[in-house]
Amino acid sequence: MTAPLEAVEPAATQAAGPAGDDRPARRGILRYALSKAGGALFSIAMVIVGTFFLFRLLPGDPVRALAQGRNMTPEQLDLERRKLGLDQPLINQFFDFVGDTLRFDFGMSYEYKRPVLDLIGDRIGATLLLAGVGLAVAVSLGIWQGMRAGWRHGSRFDKFSTGTSLVLWSVPTFWLGLLLLLVFGAYFKIFPSRGIQSVDAPDGFAYVLDVAHHMVLPVITLVGVVYAQYLLVMRSSLLDEVGQDYVTTARAKGLRDDDVRRRHAVPNALLPTVTLVFMRVGFVVGGAVTVETIFSWPGLGQLFYEAVRVPDFTLMQGTFMLITVAVIIMNTLADVVYHILDPRVRSA
Amino acid sequence: MRKWLARLAVLGVALLVAGQGQAALAQDPAAGKKIVRVGATQAVDSMNPFQAVRLVSTSIHRWMYGFLTVPDSKTLKPSPDLAESWTPSEDGLTWTFKIRQTKWSDGRPVTAEDAAWTFNKIMSDDAAKTANGPAVENFESVTANGQDLIIKLKAPQASILENPIPIMPKHVWEKVTNIGEFSGDEYPSVTSGPYIAVEHKKDQYVKLKANPDYWRGAPKIDELQVVFYDNPAASVVGLKNGEIDLIGRLNPPEFEALKGDPNIVQWNQQGRRGAYLQINHGATTTDDKPVGDGHPALKDQKVRQALHWAIDKDKLVAEVQNGLAKPAHGSIVPPMYTDFFWEATGDTKVTYDPAKANQILDDAGYKKGADGIRTMPDGDRKLEFRFSIHTDTPIEDKLAEYLTGFFKEIGITLTTKKLDSSKFTEETGVTGLFDIAISGWSVNPDPEEVLATHLCSRRPTPAGEGGGTESFYCDETFEKLYQEQLKELDRPKRAELIKQMQERLYTDAPVITIYYTNDLEGYRKDRIKSITSVPEADGILYGASSFWPFYSLEAVESAPAQAEGGSNTGLIAGVVGAVVVIGLGAFFLTRRRKSVADDRE
């Protein structure tokens, strides 16, 4: 357990050295975190303003779009317009919108006849499950392969794994998902084509298996397309470490190759990857839109997609803001965590 | 070598998990029941029939609720449903419907009061008009007297017998305070039709159970489920691997993907949909003021007719629709509605003849310029038209390519303009910012509504409101015929008037029908023993404006789990065992590798 600390030490003493005791440093972190949080709040405010105007710039009359080509009388159109508050002057609409948003009232979904926040609450679990597992697998796979590829730079494993991951990275998510569906769903008939569970789902442990069974293809799709970034970042940062003096020293001490890698090089090389992971966590919420629509996964992505198809403006606004704000918050956290993890940043 | 072994082992585990999933499926609570699963690529918009407008929802409501009348499964003529019989008054303004003595699924009797409440709710509450407002527009009053329902009309209306409104149980629905914001998700639902909805997971599925007390007799299956797919390609996969048993409304590519599967029946019959070109022949608002920027040449009937002569419909069907459509020589009513279908014959019939099209344009004074493009007789504006289509619809892209080619032959340039659907609806239905646009309509057994979309009153108001016009058409002859057919209670005579209306549309050409797309569906014959379409033999299964196909179908029982209980536990134990063994194996393999690495150093 002490090994990672040892390894970080050379860097830590370098940076924190002159400060002596750690109190100013801690105060520094607090100040840093506060300034980052301030920045994040500003961004969120901009998102709220931006969302309001963005959704009003969309082409087409929202009420007419809601009618979906049905024959509606002018009275009906007026009623819909009043319901959406579109009969008010723009400035009033804006302040209403801001006030409601600050109270976490995202309005009623036109299509579902339910508050947007409730709908998001219903769906977020499925998305977190899918995207969370996807992220965990992608990160583990990426780091593991990147570690090996970087350590044995130029080996067959390096070429194979880097090549494969880059090919998958370049493939459109939609295409990969459909391909997997056709091969494993239609041809081998071993994985289901849709959803998070069977329509007549069994109970108990069998239910867990049922959900796991439904998750296989979406997770593979999600992982296949993104794991290359973890692999490449891990690989290149490990490459940077390989030539360092401390690695040579460790080797000279007679440590086994695996120990040199695991205990000395990798902990130092992990930093950029960890930052990347944190930044990606923000996208977990919104990043699965395509995968969810391919596999009819009842999460936020599907909710957003359906909202766009209708179009259900309040729902679109709500999900859009949630997805954006999640990214901002996670990015801010990434900044702060990075600050804590890597002492070198503190002095910068 | 060992690495490969390890990989193989991982693959083995994956396959085992997959197999386990299959076993779990076989173990499902559905085992031993007769369940039919219908795939749908449209999400249910609402389980509240006052709000639901999508085909999937209205289809489900047709399986749940009774109507005054339903189309006969053979002739498509209105036939008794909840209304056992009906009599119009002498002047055709008062209709008395005798409501059938039967029960709601909660045991309460169905009365005329229920029907009267349903219609009055829509007439009196704007929020209840969303789904079927226009269907009661002509109702003066609706009252109940025992089992008699009396509907007084403002003006005669023959199509009253095709009323699309499901009769709702008053004792349940009168408690709803805000009908516009009610999702209808209360289960089990109270119905009088063949099925009772028992569960709805939004964007996932709807489960319906057979109504054992249905007055026609309980359906022959236990459960009917509608399973939602976000994407059509996945639904085809679902049909192939048996997750769903039937899927309707397929596009040609998905339909063709079903080819070659011995368990799947490819259902390819005449459909209820026509595709046509909407031509901006001088769009106006309801006060007859011009609106939009349509090309002036299109106001000339001769130019529109020339366009018609220049279109090779056979080629469009063969190459754009892969042969899965019927070239149209009629107007907006497709041939499946034999009573109302009209087809041009003799001199009126327009065929593919570019020479004749050129002749018409030459005679009308549209001279070709040096570049081969024609110009207006009185000026130098060239005959360059825009063709508005939707974004992301490959079939429309292809159609645009072919039309561009056809019109080039007669000295007319066509450029394609792609619009997202809300902009498209606005420009082609309200603001008139188009020359030629793609259009299409699904036609009900009674074509009145689709004909009405070409009435003067359907044009937008000067304020740009309302409407629902499909052509901005406003023609005296057409209006007169429309009014006459409203009053005509004799079906053959009314059909004759409706045919004349179509002939008018055909010759005046504010719209040019190009083909009737086939109804493409697929179902598993190892699961569905028999299913009857509407009309019988060569009609539609899903989305047929009738409960009949899904009431009369017969299914095979879901396979019971391979063996009782034991097999499943065995499989789980097997999987757990395999995981442990392979995990241990992998552990030792890596250990071994490590020592090999050590040796090398």
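Scroll up a little and you will see the structure.
Residues numbered from 1 in each chain as written. Chains lettered and ligands numbered in written order. Predicted model: local features only at pLDDT ≥ 70, side-chain atom pairs only at ≥ 80, totals over all residues. Heavy atoms only, no water.

Moving on, we come to the overall build of chain A. When helices and strands are counted, chain A shows 15 helices and zero strands. By the burial criterion, 48% of the 348 residues in chain A qualify as buried. In the form shown here, chain A has an accessible surface area of approximately 16,500 Å², with 67% of it arising from carbon and sulfur atoms. (Helix = DSSP H or I, 4+ residues; strand = E, 2+ residues; numbered from the N terminus. Buried < 20%, exposed > 50% of the residue type's maximum accessible area, 1.4 Å probe, protein only. Areas by Shrake-Rupley, 256 points an atom, 1.4 Å probe, with all protein chains shown as cover.)

All names here are of chain B. Following the sequence through the fold, Glu479 ends up in helix 13 (residues 476-487). When the C-alpha atoms of Glu479 and Ser439 are compared, they prove to be 21 Å apart, with 40 residues separating the residues in sequence. What Glu479 contacts, discounting residues up to four positions off in sequence, is His454, Leu455 and Cys456. (Contact = heavy atoms within 4.5 Å.)

We now examine the nonpolar core. If you look at the biggest cluster of nonpolar residues, it comprises 67 residues, and the most contacted ones within it are B:Ile60, B:Trp63, B:Phe119, B:Leu149 and B:Ile151. For this core, the element with the most residues is helix 3 (residues 112-124) of chain B, which contributes six residues. When residues no more than four places from it in sequence are discounted, the contact partners of B:Ile60 are B:Val44, B:Met47, B:Val206, B:Leu208 and B:Val226. Counting 60 residues, the second largest nonpolar core, distinct from the first, contains A:Val199, A:Leu217, A:Val277 and B:Val227. (Core = buried A, V, L, I, M, F, W, Y, C linked by side-chain atoms within 4.5 Å.)

The next subject is the packing of helix 6 (residues 116-151) of chain A against helix 13 (residues 300-309) of chain A. Residues and elements named next belong to chain A. For the pair helix 6 and helix 13, the least separation of the axes is 7 Å and the interaxial angle reads 130°. Classified by the interaxial angle, the pair formed by helix 6 and helix 13 is oblique. Contacts between helix 6 and helix 13 involve Leu119, Ile120, Arg123, Ile124 and Thr127 from the first element and Leu300, Gly301, Gln302 and Leu303 from the second. Per-class residue counts for the contact of helix 6 with helix 13 are five nonpolar, three polar and one charged. (Axes fitted to C-alpha atoms, helices over the stretch in contact; angles between N-to-C directions. Parallel < 35°, antiparallel > 145°, perpendicular 65-115°, else oblique. Nonpolar A, V, L, I, M, F, W, Y, C, P; charged D, E, K, R; others polar.)

Bringing the packing of aromatic side chains into the picture now. One pair of aromatic rings is described through two measures. These are the centre distance and the angle between the planes. In this structure the tally under the stated criterion is 29 aromatic pairs over all chains. Note on A:Phe52 and A:Phe53: the rings are 5.0 Å apart at their centroids and 90° apart in plane angle, and the pair reads as edge-to-face. Ring centres of B:Tyr402 and B:Phe406 lie 6.5 Å apart, and the angle between their planes is 55°; this geometry places the pair in the tilted category. One end of the pair, B:Tyr402, and the other, B:Phe406, are both in helix 10 (residues 394-408), four residues apart, so they sit about a helical turn from each other. One exposure class covers both B:Tyr402 and B:Phe406, and it is buried. A network of ring pairs unites the aromatic residues A:Phe52, A:Phe53, A:Phe94, A:Phe95 and A:Phe97 as a single cluster. Between the NZ or CZ atom of B:Arg62 and the centre of the ring of B:Phe67, over which it lies, the distance is 4.3 Å. A cation sits over an aromatic face here: B:Arg100 above B:Trp215, 3.6 Å from the ring centre. (Phe/Tyr/Trp six-rings, centres within 6.5 Å; stacked < 30°, edge-to-face > 60°. Lys NZ or Arg CZ within 6 Å of the ring centre and 35° of its normal.)

Okay, the sheet that holds strand 4 (residues 83-88) of chain B next. All names here are of chain B. If you trace the four strands from one edge of the open sheet to the other, you get 4-5-7-6, paired in antiparallel fashion. Bordering the open sheet on either side are strand 4 and strand 6 (139-145), each of which pairs with just one other strand. Adjacent strand axes in the sheet meet at a mean angle of 20° when their direction is disregarded. The pairing of strand 6 with strand 7 (residues 148-153) spans six bridges and is classified as antiparallel. Counterpart to Ser141 in the pairing with strand 7 is Lys152. (Pairing = 2+ DSSP bridges.)

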